[in-house]
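What follows is each chain in one-letter form.
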Amino acid sequence: MSNINRPPLPPYFGIDPQRAAEKLSDPIDTARFAKAAAFAAKGREDLSVRGYSPDGKKRLRKFSVWEITKYLIPVAPAHFRRVLKANPELPQGTGEGNAKWFTLEDILALREFFAEEGAQNKEYKSWRPEGMDAKVVAVANFKGGVGKTSTCAHLAMSAALDGYKVLVIDLDSQGSMTSILGGDVPDEWSTAFPLMAKDYARSVQAENKVRAAAGQPEIPLDETLTEALEVSPRNLIQSTHWPNIDLIGAQLNLYWAEFQVPVWRMQLRSWALWDALTNALEDEGVLEEYDMIFLDTPPALGYLTINALAAADILLVPLGASFLEFDSTGRFFDMLYSTFASIEDGENAARVRDGLPQMKFEWDAVRTLITRFDAAQQTDLANVVQAYFGDFMTTFRQDLTAMVGQAGEQVNGIYEADYREFNRDTYVRGREAFDRTWAEVKEVILGSWWRDQQMMEAEQNGEA
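These numbers were taken from a predicted model, which means no experiment stands behind them.

A. View of the overall build of the chain. What the chain contains, in helices and strands, is 18 helices and nine strands. Burial analysis of the chain (464 residues in total) assigns 47% to the buried set. In the chain, of all internal contacts separated by at least 6 residues, the share reaching a separation of at least 24 is 77%. Summing over all exposed atoms, the chain offers an accessible surface of approximately 24700 Å²; the carbon and sulfur share of this is 52%.

So, in structure tokens, the structure goes:
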């Protein structure tokens, strides 16, 4: 029988072992990883610079009158232009005729003007209660590739465009968020690591006072801990190309915190390691200087993530509409329960013994968010996920659009992309995916602030 019409075999048949061996390089030693890392660093720099200006610094693009009046300041374009003409002291933008372009600094100033002089029934500025601390939002999931960093970045940018002052803390040693925001992080002393070291060092100092009074040997403070005592979050915070987004960045050496923290904990069992980041934000006044703080976490439930979750008021958990990601996220919640419940049990046993009030971890809200959603193929599964996670779920599912992919290739957020590089409809659809996500997250933040404000007023009025 002829084999002429028989289809070819799959490519994994007929592999010749000898020829396969000839394609192999010599065995790989550890030095080869260093070479690969060096090549990757050069490539990363090359790719990053493509989204930067010629001097290697990121610059935030300008915004057109169409964007400002459609997305940022709720006025008609014609009225916007009349106001500028009548008030020459206001930022006038650059460009010819009606094709004016404005920096975000310009827009923030214009927003203030409209809030003071514009119609009272329009929302020119987003609500922010007086006297309330910043809301801390942690974006976490121990499964990688779920859109965690891109979601965190776009939420921070959304808040900035809404007029809020934002701090982003990158706790992932891969440093992707730091790259998006153009951060410069030479070593671990420019990351959150010294904040954790400082918290431990302070605990050691407090313990040593007790030991000295009891005539017991003190716990030594090494050079690292002594140096950390001099570090303030303000030493670590750097400005970005966004005028109202600041950054505490990350780089590879931050990962050493995962090894060092348990060592410190073994040396001083009374150190509440999970409170290190919380204490840094509270004790140093950082919560008073910002409106919102976004924490980008590693794809693991390690000590850095535990610190982020303990510091957070709101937890966001991105996941894709797939069985594996749904299953993984369920296990993530199980690990959260096991971890924080065990901390509560251990701490409260000691507190009951010492006659102290018991501790309890609480979050204003937790939301899971479906990312990279394909309605044509994933709707049924997304509905199942929605049913099981219930009120943990956001109602909007974040579509993956061509604009999102292109922005990622350029190391930019979609708000940094110039809409003239896209079809106008493509831009509107791509932006809508993140605008609607921001709307749901903003609603949670504002609701949490309002509830806090009501509780504070009730306490001031002596109400139960």
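B. Spotlight on the packing of aromatic side chains. Tallied over the full model, the rule gives 27 aromatic pairs. Centre to centre, the rings of Phe80 and Phe102 are 5.7 Å apart; their planes meet at 80°, and the pair counts as edge-to-face. Remark: Phe102 occurs in strand S2 (residues 101–102) and Phe80 occurs in helix H4 (residues 77–86); sequence separation between them is 22 residues. The same class applies to Phe80 as to Phe102, namely buried. With a centroid separation of 6.2 Å and an interplanar angle of 90°, the aromatic rings of Trp189 and Phe193 are classed as edge-to-face. Note on Phe193: relative accessible area 8%, which makes it buried.

C. Representation of the packing of helix H14 (residues 303–311) against helix H15 (residues 323–354) in the model. Contact geometry for H14 and H15: axes closest at 12 Å, N-to-C directions at 80°. Taken together, the axis directions place H14 and H15 in an arrangement best described as roughly perpendicular. Contacts from Ile306, Leu309 and Ala310 of H14 reach H15 at Leu336, Thr339 and Phe340. The class makeup of the residues in the contact of H14 with H15 is five nonpolar, one polar and no charged.

D. Here's a closer look at helix H18 (residues 424–460). Spanning 37 residues, H18 covers 51 Å between terminal C-alpha atoms, matching the ideal 54 Å at 1.5 Å per step. At Glu432, H18 shows its largest bend, some 30°. The first or second residue beyond H18 is Gly462, which carries a positive phi of 75°.

Rules and cut-offs
All residue numbers here refer to positions counted from 1 along the written sequence of the relevant chain. Whole-chain, interface and lining totals are the exception, using all residues; otherwise, since this is a predicted model, local features are given only for residues with pLDDT of at least 70 and side-chain atom pairs are given and counted only at 80 or more. Just so you know, side-chain values use all the structure's heavy atoms and leave hydrogens and water out. Helix numbering and strand numbering both begin at the N terminus, where a helix is a DSSP run of H or I of at least 4 residues and a strand a DSSP run of E of at least 2. Each residue's exposure class comes from its accessible area (1.4 Å probe, protein chains only) as a fraction of the maximum for that residue type: buried when under 20%, exposed when over 50%, partly exposed otherwise. Every residue pair with non-hydrogen atoms within 4.5 Å of one another is taken to be in contact. The accessible surface values rely on the Shrake-Rupley method and a 1.4 Å probe; as for residues, cover is taken only from the protein chains in view. By convention, a stacked pair of Phe, Tyr or Trp rings (six-membered ring in the case of Trp) has centres within 6.5 Å and planes under 30 degrees apart, an edge-to-face pair has planes over 60 apart, and any other such pair is tilted. Note on geometry: axes are C-alpha line fits, over the in-contact stretch for helices, and angles between N-to-C directions span 0 to 180 degrees. These descriptions rest on fixed angle ranges, namely under 35 degrees for roughly parallel, over 145 for roughly antiparallel, 65 to 115 for roughly perpendicular, and the rest for oblique. When residues are grouped by polarity, Ala, Val, Leu, Ile, Met, Phe, Trp, Tyr, Cys and Pro land in nonpolar, Asp, Glu, Lys and Arg in charged, and all others, Gly among them, in polar. Here the expected length of a helix is defined as 1.5 Å per residue gap, with one fewer gap than residues. Bend at a residue means the angle formed by two fitted axes: the first through the 7 residues ending at that position, the second through the 7 residues beginning there.

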